[in-house]
Amino acid sequence: MAYVSMGEAHRRITEYLNRFCDAVSYQDSSTLCRLLSFSSNSPPLLSLADALNVFQDSSSLIRQSDRFSEYGEILAHVFRSLQSYRVGNLVEAYLAFEKFANAFVQEFRNWESAWALEALYVVCYEIRVLAEKADNDLTSNGKSPEKLKAAGSLLMKVFGVLAGKGPKRVGALYVTCQLFKTYFKLGTVNLCRSVIRSIETARIFDFEEFPRRDKVTYMYYTGRLEVFNENFPAADTKLSYALQNCNPKRERNIRMILKYLVPVKLSLGIIPKDELLRNYNLHEYTKIVQALRKGDLRLLRHALQEHEDRFLRSGVYLVLEKLELQVYQRLMKKIYINQKLSDPARAHQLKLEGIAKALRWLDMDMDLDEVECIMTILIYKNLVKGYLAHKSKVVVLSKQDPFPKLNGKPVSS
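Residues numbered from 1 in each chain as written. Predicted model: local features only at pLDDT ≥ 70, side-chain atom pairs only at ≥ 80, totals over all residues. Heavy atoms only, no water.

- An unreviewed UniProt entry annotates the protein as Proteasome component (PCI) domain originating from Arabidopsis suecica.

So, empty space enclosed by the protein
And step 1. With the rule as written, the count across this model stands at two cavities of 30 Å³ or more.
And step 2. Approximately 50 Å³ is the volume found for the largest cavity.
And step 3. Taken together, Phe38, Asn41, Ser42, Leu45, Leu46, Ala49, Leu82, Tyr85 and Arg86 make up the full set of residues lining the largest cavity.
And step 4. Among the elements of the structure, α3 (43–54) and α6 (72–86) are those that each provide at least two residues to the lining of the largest cavity.
And step 5. For the lining of the largest cavity, the class distribution of residues is six nonpolar, two polar and one charged. (1 Å grid on protein atoms, 1.4 Å probe; cavity = no way out; pocket = protein on both sides within 12 Å on 5 of 7 lines; lining within 4 Å. Points joined across faces, edges and corners; volume = space filled by probe spheres on them. Helix = DSSP H or I, 4+ residues; strand = E, 2+ residues; numbered from the N terminus. Nonpolar A, V, L, I, M, F, W, Y, C, P; charged D, E, K, R; others polar.)

Thoughts on the sheet that holds strand β1 (residues 349–351)
And step 1. Taking strand neighbours across the sheet as the criterion, the three strands line up as β1-β3-β2 in an open arrangement whose pairing is antiparallel. Each edge of the open sheet carries a strand with a single partner, namely β1 and β2 (386–389). Within the sheet, the average angular offset between the axes of one strand and its neighbour, ignoring direction, is 20°.
And step 2. Pairing geometry for β1 and strand β3 (residues 394–397), over three bridges, is antiparallel. When the sheet's bridge partners are listed, glutamine 349 is paired in β3 with valine 396.
And step 3. Those strands touched by helix α20 (residues 324–342) are β1 and β3, and its axis lies near 110° from that of β1. (Pairing = 2+ DSSP bridges. Axes fitted to C-alpha atoms, helices over the stretch in contact; angles between N-to-C directions. Contact = heavy atoms within 4.5 Å.)

Some details on the pairing of β2
And step 1. Taken together, the four bridges between β2 and β3 define a ladder with antiparallel strand orientation. Along β3, the bridge assignment pairs leucine 388 with valine 395.
And step 2. From the end of β2 to the start of β3, which pair antiparallel, there are four residues, and lysine 393 there has a positive phi angle of about 55°.

Quick look at the nonpolar core
And step 1. By size, the foremost hydrophobic cluster in this structure holds 147 residues, and its most contacted members are Tyr16, Phe104, Ile288 and Ile355.
And step 2. Sorting elements by how many residues they give to this core places helix α8 (residues 117–140) first, with twelve residues.
And step 3. With sequence-adjacent residues up to four places away left out, phenylalanine 104 is seen in contact with Leu32, Leu36, Ile74, Trp111, Ala119, Leu120 and Val123. (Core = buried A, V, L, I, M, F, W, Y, C linked by side-chain atoms within 4.5 Å. Buried < 20%, exposed > 50% of the residue type's maximum accessible area, 1.4 Å probe, protein only.)

Considerations on helix α11 (residues 192–201)
And step 1. Among the residues of α11, Cys192, Val195, Ile196 and Ile199 are the ones counted as buried. With its buried residues spanning 100° around the axis, α11 presents them on a single face. Of the exposed residues in α11, the ones pointing more than 90 degrees away from its buried face are Arg193, Arg197 and Thr201.
And step 2. On its buried face, α11 is in contact with α9 (147–162), α10 (172–186) and α12 (212–228). (Arc of directions from axis to C-beta.)

Brief notes about the environment of leucine 148
And step 1. The residue leucine 148 is located in helix α9 in this model.
And step 2. Taking relative accessible area as the criterion, leucine 148 reaches 3% and is therefore assigned buried.
And step 3. On a C-alpha basis, the gap between leucine 148 and lysine 185 in space is 8.6 Å, while along the polypeptide they are 37 residues apart.
And step 4. If we ignore the near neighbours within four places in the chain, the residues touching leucine 148 are Arg128, Ala131, Glu132, Asp135, Thr182, Lys185 and Leu186.

A look at the pattern of salt bridges
And step 1. Tallying each qualifying case throughout the model produces 20 salt bridges.
And step 2. Residues aspartate 22 and arginine 67 are paired through a salt bridge, measuring 2.1 Å at the closest nitrogen-oxygen approach. Here the residue aspartate 22 occupies a position in helix α1 (residues 6–25), and arginine 67 occupies one in helix α5 (residues 66–69), the gap between them amounting to 45 residues.
And step 3. The exposure class of arginine 67 is partly exposed, given its relative accessible area of 32%.
And step 4. Bridged by salt links that share partners, the residues Glu8, Arg11, Arg12 and Glu15 form one connected network. (Salt bridge = Lys/Arg side-chain N within 4 Å of Asp/Glu carboxyl O.)

What to know about the packing of helix α16 (residues 286–294) against α20
And step 1. Running from amino to carboxyl end, α16 crosses α20 at an angle of 40°, the nearest separation of the two axes being 7 Å. With respect to α20, the element α16 is oriented oblique. Of α20, the residues touching α16 (which contributes Ala291, Leu292, Arg293 and Lys294) are Gln326, Val327, Arg330 and Lys334.
And step 2. Each residue belonging to the contact of α16 with α20 can be placed in one class, and the counts come to three nonpolar, one polar and four charged. (Parallel < 35°, antiparallel > 145°, perpendicular 65-115°, else oblique.)

Regarding the packing of α10 against α12
And step 1. With their axes 9 Å apart at the nearest point, α10 and α12 run at an angle of 35° to one another. Of the two possible hands of crossing, α10 and α12 adopt the one that is left-handed. Counting all contacts with α10, which are made through Leu173, Tyr174, Thr176, Cys177, Phe180, Lys181 and Phe184, the residues of α12 involved are Arg213, Asp214, Lys215, Thr217, Tyr218, Tyr221, Thr222, Arg224, Leu225 and Phe228.
And step 2. Residue composition of the contact of α10 with α12, grouped by class: nine nonpolar, three polar and five charged. (Left-handed = near helix turned anticlockwise from the far one by under 90°.)

Some thoughts on unusual backbone geometry
And step 1. Not every positive phi belongs to a glycine, and asparagine 41 is a case in point at roughly 50°.
And step 2. In this structure asparagine 41 comes out as partly exposed when scored by relative accessible area, which is 37%.
And step 3. Positive phi, normally seen in glycine, also occurs at asparagine 382, with a value near 65°.
And step 4. Following the sequence through the fold, asparagine 382 ends up in the loop between α22 (368–380) and β2.

Here it is as structure tokens:
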């Protein structure tokens, strides 16, 4: 930190106070956003923080001017938070920022127009990010992380302010997305339901009036929720909407959407092109796709084991594990095609011993009872059309479409 004289510190603080008050007076939301974006680590904010740590009595500057003192509660908490943030005291920075956010929300409530909506977005973003950093600090010091939970409560309060009628309601979806990020981080995704109900059932909201950015984020998170609930058609609809409307230049965001959309599509029997996986660096799905195409159960299990940690973290491991039935279906189809070439007259009669032999070739050692059980499940799930002749140990396949396609529908439960 470069040396800052008392006079220079006074000048920087006064300049910030004037810029803040001008931004409010002239309803200059973009300037207000820059003045509150702590996480940007912008040089002007860092230099202000250095000034605050030199000139310790900034509250006296606020009190001395009627213009500044009108927003005294907001400004005093901003300064305390910025001071703490600059010296790395993230817990104190969060606590002061939370007080500032409450004061700012109250002021925002009193403003009739929605001119400060973007600035409110910054406040919501900053409090979530600052809470995460504070919790990381608490955890590293052996203390209980609790700030993100508190930030969630404040964000819910902001949502309540925006959920009424009027021009401010367009900001409700942005705050909803910040709540989703908070709940997903905390592992309390069940709390998303009440917010979703407000957005999707309240008559005051028209989904198409929200900004595209917020709609994409909303569909991404609600799509992930549908994945966890194993409602794959709904997940496909929501995640596909997010993908189609995502800015094509935001490759990282597209990859995040595809991380969930690919397993959803696979569950519906839709296999992505290799080019898509290569273009968005989704190599973890390459062997899984190959396993589905080949009917290679060994390859599927190897791919799941190889990327187990990644799939567990993203919550798609169980979704991918259930693809085993589709792999079995593909294997049965290959056996059927081979038999049709070698013995056309008996193409629709698959001996369980022949299936067991194919599985042994894949290092899957199963007795006939286990093979019979698998075939029973495939028939029950409508992945194979036919019946089991138990005494003769043969699967008799339907002569019409013995291996039905999923056609965008999940495997029946």
